[in-house]
Amino acid sequence: AMVTSGGRVFTIIDEGPVSSAFLPPKWKLVARDAFSGVLLWQRPITNWESHLRGFRSGPPEIGRRLVAQGERVYVSLGYGEGVTVLDAATGKQLRTLADTGGARELLLTGGVLYVLADDMTAAQHEERMEWFNRTWETVDIWYMVPHEAISMYGTQRVVAVETGTGELLWERSFEVPGEVMPATMA
């Protein structure tokens, strides 16, 4: 994920060891000066997508977990977590938006943050990530990965939050897990 605002570039990257793909990842939210590339600040991301998951196999919404506007950065700092609001210049946490737990996708327009979220817990994401890690270690070629149904989403909801006050404007819940397809919220 990468966005820019106010002369800064914000990225979510894996800064883990590069000597082997099987070494553990170190996911971080990193802020850099857009002109010089100088590191401004960084924050760890605790529970993120498996680094062994195939590049093209998703999750397709991962690029929508980060938005920035003016002096604010809105980000989900891990699976199952809500939206954290950060100061763009310092990375200091300003608040966590209520009712946004399980944030999957963020869209920001007109001072309203629209969040697609679900009820899948961080522990369930961790279990899914561990399955990927165990499975990839046992295969030689990507197409030999066992084709098992793995739950990717919980029961979803879309919430609208006023960014200035953090007030919940409205919420729409869905009944079937994965009812809103990735990257289709807009």
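Keep in mind it's a predicted model, so treat the numbers as computed, not measured. (Residues numbered from 1 in each chain as written. Predicted model: local features only at pLDDT ≥ 70, side-chain atom pairs only at ≥ 80, totals over all residues. Heavy atoms only, no water.)

**Q** Lay out the overall build of the protein in plain terms, naming residues and giving numbers.
**A** For the protein, the count of helices and strands is one helix and twelve strands. Among the 186 residues that make up the protein, the fraction classed as buried is 42%. Carbon together with sulfur atoms contributes 56% to the accessible area of the protein, which is approximately 9,900 Å² in total. (Helix = DSSP H or I, 4+ residues; strand = E, 2+ residues; numbered from the N terminus. Buried < 20%, exposed > 50% of the residue type's maximum accessible area, 1.4 Å probe, protein only. Areas by Shrake-Rupley, 256 points an atom, 1.4 Å probe, with all protein chains shown as cover.)

**Q** Go over the confidence of the model for the protein, please, and point to the residues and values.
**A** The predicted structure's coordinates, where accompanied by low pLDDT, should not be read in detail. Put simply, the protein has an average pLDDT of 86, and 86% of its residues get 70 or more. No element of the protein has a lower mean pLDDT than helix α1 (residues 122–136), which averages 76, and none a higher one than strand β7 (residues 83–87), which averages 98. (pLDDT = per-residue confidence, 0-100.)

**Q** I'd love a proper account of the packing of aromatic side chains, names of residues and values included.
**A** Applying the stated criterion across every chain, the model contains two aromatic pairs. Between F10 and W41, the ring centres sit 6.0 Å apart and the planes meet at 40°, which makes this aromatic pair tilted. On the criterion of sequence distance, the pair formed by F10 in strand β2 (residues 8–14) and W41 in strand β4 (residues 39–44) is long-range, its members being 31 residues apart. Each member of the pair F10 and W41 is classed as buried. Ring geometry for Y114 against W170: centres 6.1 Å apart, planes inclined by 50°, an arrangement best described as tilted. On the criterion of sequence distance, the pair formed by Y114 in strand β10 (residues 112–118) and W170 in strand β12 (residues 168–173) is long-range, its members being 56 residues apart. (Phe/Tyr/Trp six-rings, centres within 6.5 Å; stacked < 30°, edge-to-face > 60°.)

**Q** Let's hear about the sheet that holds strand β3 (residues 27–33): which residues, and what values?
**A** Pairing in this open sheet of four strands is antiparallel, and the strands run β1-β2-β3-β4 from one edge to the other. The open sheet has two edge strands, β1 (2–5) and β4, and neither has a second partner. Sheet twist, expressed as the average angle between the axes of neighbouring strands with direction ignored, equals 20°. Here β2 pairs with β3 via seven bridges, running antiparallel. Bridge pairing links F10 to A31 in β3. (Pairing = 2+ DSSP bridges. Axes fitted to C-alpha atoms, helices over the stretch in contact; angles between N-to-C directions.)

**Q** If you had to explain the environment of A31 to someone new, which residues and values would you point to?
**A** For A31, the location among the structural elements is in strand β3. A C-alpha to C-alpha distance of 4.6 Å links A31 and F10, two positions 21 residues apart in sequence.

**Q** Describe the side chain of R104, listing the residues and the values that go with them.
**A** Examined against the element boundaries, R104 turns out to sit in strand β9 (residues 103–109). Contacts of R104, omitting those with residues within four sequence positions, involve E61, R64, R65, Y79, L116, A117, D118, M120, H125, M152 and Y153. (Contact = heavy atoms within 4.5 Å.)

**Q** Hey, could you go over the nonpolar core for me, with residue numbers and the actual values?
**A** If you look at the biggest cluster of nonpolar residues, it comprises 16 residues, and the most contacted ones within it are F10, I12, L29, I45, L66, V73 and V75. The set of elements that each furnish at least two residues to this core consists of β2, β3, β5 (66–69) and β6 (72–76). When sequence neighbours within four positions are dropped, the list of residues in contact with F10 reads A1, M2, V3, S5, L29, V30, A31, W41, L66, A68, V73 and A88. Formed by twelve residues, the second largest nonpolar core is a distinct cluster that contains V83, L113, V115 and V159. (Core = buried A, V, L, I, M, F, W, Y, C linked by side-chain atoms within 4.5 Å.)

**Q** Kindly report on the pattern of salt bridges, identifying the contributing residues and their values.
**A** One pass over the structure, following the stated rule, counts six salt bridges. Among the ionic pairs, K28 bridges to E15, the shortest N-O distance being 3.2 Å. Residue K28 is located in strand β3, and its partner E15 is located in the loop between β2 and β3; the two are separated by 13 residues in the primary sequence. Of the residues examined, E15 reaches a relative accessible area of 32% and is grouped as partly exposed. Residue E171 pairs with R157 through a salt bridge whose shortest N-O separation is 3.8 Å. Taken together, the positions of E171 in strand β12 and R157 in strand β11 (residues 156–162) put the pair 14 residues apart, joining distant regions of the chain. (Salt bridge = Lys/Arg side-chain N within 4 Å of Asp/Glu carboxyl O.)

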